[in-house]
Amino acid sequence: MAALTPDITRARRLVVKIGSALLVDRAKGLKRDWLSALALDVVEAKLRGADVILVSSGSIALGRGVLGWPTGALALEQAQAAAAVGQIRLARAYEEVLAPHGITTAQVLVTLEDTADRRRYLNSRATMETLLAAGVVPIVNENDTVATDEIRFGDNDRLAAQIAVTVGADQLVLLSDVDGFYSANPKEDPAAERFDLIEKITPKIEAMAGDPVSGLSKGGMKTKLMAAKTAVQGGCAMAIMEGSVLRPLKALAAGANRTWFLPDGDPQAARKRWIAAMKPKGDITVDAGAVAALEQGKSLLPAGVRAVGGTFGRGEPVAILGPAGEALGKGLIRYTAAEAKAIAGHKSSEIAAILGYQGRAALVHRDDLVLDF
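Being a predicted model, the structure only gives us computed values, none of them experimental.

## Structural notes on the overall build of the protein
From N to C terminus, the protein includes 14 helices and 17 strands. Compactness check: the protein gives a C-alpha radius of gyration of 22 Å against a globular reference of 21 Å for 373 residues, within 12% of the reference. Reported as C-alpha extents along the three principal axes, the dimensions of the protein are approximately 65 × 50 × 40 Å. Here the protein holds 373 residues, and the buried ones make up 48% of them. Looking at the protein alone, contacts between residues at least 24 apart form 72% of all its contacts between residues at least 6 apart. With an accessible surface of roughly 17,100 Å², the protein has 52% of that area assigned to carbon and sulfur atoms. Where the 44 positive side-chain charges of the protein centre and where its 42 negative ones centre are 2 Å apart.

## What to know about the pattern of salt bridges
The final tally for this structure, using the stated rule, is 15 salt bridges. One salt bridge in this structure joins R13 and D51, with 2.9 Å as the shortest N-O distance. Here the residue R13 occupies a position in strand β1 (residues 13–18), and D51 occupies one in strand β4 (residues 51–56), the gap between them amounting to 38 residues. Of the two residues examined, R13 and D51, each falls in the buried class. When the shortest N-O distance is used, the salt bridge between D264 and R273 registers 3.5 Å. Connected through shared salt-bridge partners, D41, E44, R48 and R247 make up one network.

## Here we look at the sheet that holds strand β12 (residues 259–261)
An order of β5-β6-β4-β1-β7-β11-β12-β10 is seen for the eight strands of this open sheet, with the pairing classed as mixed. Each edge of the open sheet carries a strand with a single partner, namely β5 (105–110) and β10 (197–198). Bridge analysis of β10 against β12 gives two bridges, and the strand direction is parallel. When the sheet's bridge partners are listed, L197 is paired in β12 with W260.

## Focus on the sheet that holds strand β13 (residues 282–286)
If you walk across this open sheet you meet the five strands as β14-β13-β15-β16-β17, and the pairing is mixed. Whereas interior strands pair on both sides, the edge strands pair on one side only; in this sheet they are β14 (305–310) and β17 (369–371). With direction set aside, neighbouring strand axes in the sheet form an average angle of 20°. Bridge analysis of strand β15 (residues 317–321) against strand β16 (residues 327–332) gives five bridges, and the strand direction is antiparallel. Residue pairing in the sheet places I320 in a bridge with G329 of β16. The sheet strands contacting helix α11 (residues 267–276) are β16 and β17, and the helix crosses β16 at an angle near 105°. On the sheet, helix α12 (residues 288–295) packs against β13, β15, β16 and β17 and is oriented at approximately 100° with respect to β13.

## What to know about the environment of L35
You can see L35 is positioned in helix α2 (residues 32–47). The class of L35 is buried, set by a relative accessible area of 1%. Residues L35 and E242 lie 207 residues apart in sequence; the distance between their C-alpha atoms is 15 Å. Filtering out sequence-adjacent residues up to four positions away, L35 remains in contact with L23, L30, A93, Y94 and V97.

## Structural notes on the pairing of β15
For β15, a buried count of five out of five residues is recorded, marking the element as mostly surrounded by other parts of the structure. Here β15 shows a buried face lined by P317, A319 and L321 and a second buried face lined by V318 and I320. Of the strand pairs in this sheet, β13 and β15 are connected by three bridges, and their pairing is parallel. By the bridge assignment for β15, D283 is matched with A319. With antiparallel pairing between neighbouring strands as the criterion, β15 and β16 make up a hairpin whose turn holds five residues, including G325 at a positive phi of roughly 85°.

## Concerning the packing of helix α7 (residues 156–167) against helix α9 (residues 221–233)
Close contact between α7 and α9 brings their axes to 8 Å; oriented N to C, the two are set at 5°. By the angle between their directions, the pair α7 and α9 is classed as roughly parallel. In this structure, α7 uses D157, R158, A161, Q162 and V165 to contact α9, whose residues at the interface are T223, K224, M226, A227, T230 and A231. Partitioned by chemical class, the residues of the contact of α7 with α9 number five nonpolar, three polar and three charged.

## Some points on the environment of S36
Here S36 is to be found in helix α2. Using a relative accessible area of 30% as the deciding quantity, one classes S36 as partly exposed. Distance from S36 to E96, taken between C-alpha atoms, is 8.8 Å for residues 60 residues apart in sequence.

## Re the nonpolar core
Looking at soluble globular proteins, one finds that nonpolar side chains tend to be buried together. Judged by nonpolar contacts, the single largest core of 37 residues is most densely connected at V15, I53, V140, L172, F181, M238 and F261. Those elements that place two or more of their residues in this core are β4, β5, α6 (118–133), α7, β7 (171–176), α8 (203–208), α9 and β11 (237–242). For M238, the contacting residues outside a window of four places in its chain are L172, L174, K224, A227, A228, A231, T259, W260 and F261. Grouped together as the second largest cluster of nonpolar side chains are 35 residues, L23, V42, L98 and A239 included.

## Some remarks on the confidence of the model for the protein
Residues with a pLDDT of 70 or more make up 92% of the protein, whose mean pLDDT is 89. By mean pLDDT, helix α5 (residues 113–116) is the weakest element of the protein at 66, and helix α10 (residues 248–253) is the strongest at 98. In this model residues 212–219 is a low-confidence stretch, pLDDT under 50, and it forms 19 contacts with partners more than four residues away in sequence or in other chains.

About the criteria used
- Residues numbered from 1 in each chain as written.
- Predicted model: local features only at pLDDT ≥ 70, side-chain atom pairs only at ≥ 80, totals over all residues.
- Heavy atoms only, no water.
- Helix = DSSP H or I, 4+ residues; strand = E, 2+ residues; numbered from the N terminus.
- Rg over C-alpha atoms; globule rule 2.2 N^0.38 Å.
- Buried < 20%, exposed > 50% of the residue type's maximum accessible area, 1.4 Å probe, protein only.
- Contact = heavy atoms within 4.5 Å.
- Areas by Shrake-Rupley, 256 points an atom, 1.4 Å probe, with all protein chains shown as cover.
- Lys, Arg positive; Asp, Glu negative; His and termini not counted.
- Charge placed at Lys NZ, Arg CZ, Asp CG, Glu CD.
- Salt bridge = Lys/Arg side-chain N within 4 Å of Asp/Glu carboxyl O.
- Pairing = 2+ DSSP bridges.
- Axes fitted to C-alpha atoms, helices over the stretch in contact; angles between N-to-C directions.
- Parallel < 35°, antiparallel > 145°, perpendicular 65-115°, else oblique.
- Nonpolar A, V, L, I, M, F, W, Y, C, P; charged D, E, K, R; others polar.
- Core = buried A, V, L, I, M, F, W, Y, C linked by side-chain atoms within 4.5 Å.
- pLDDT = per-residue confidence, 0-100.

Next comes the structure, spelled out in structure tokens:
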């Protein structure tokens, strides 16, 4: 049975990565006409009911233009300074093209440490979920003003894939300067063939990835393939397409040249597998009422907790045990062991009074639970 090609018009949560060369002209600055057309694609996706997140390059390119710095390599401190100047202009540009359509935007700046550190990862995820629930379109970029070679993603292809997995996106589109994944560099090999669909990233496929086709962006095909591996393992389909055309997402829906990478299951299933594979750092024993609530697909609240064992930090995996000590599953807890012990057996409305700050209502959210029943 032939694999079903993803359809962008059916995306429930869509991440779009925008390269610098698409957004910024080295001589003229921001390509406002292109950005205004992209805004129409975002509006159309929102009207279909999709959440949309934009991962955008361009802050350094915009900033250096404002500062009058010539093209070519910049020292680290120059790149960070250019980013500081460019980020505010980049965020404002997105606001200006989306606000007339009634869409609110938010700027989200991240570094690699934000995904490597579990607490920061959970904070980022919670923030993004809150923004999306409010109908906001987050504009995400690497925080180039503070990132160094040791902590930076290095390209926004990988950043976009990590964001897609973090928010449980089902589709990721890399708007690039190439129209898909080729068997070889098409600029060097006229016989190179473009793949419409890649069902599985095999060693043979990996060997085909070479250096960047052009010098306009950091992300060559190797980094795009790395992004694809991250995305598909997280249950997210990914497309690579040439994005300079006006309304690129509309063009993708109409059958423009592209390569789709098929996901390994769906985002929620991938996340559940990830949690299930973790080794618990502690355990939470719940009462019969909590068991009944969990069976109905609800989150675990502090009121249903009878005992807390082990030493764990916020966001770490814990075992969920029933009244008789039977294993019920695993979950990522939203409190430290000390905090969990303090609020165990109490109503969520009492958390602020006990801990001295307004915490989250659920001890373990249902999205972070893997149950054995």
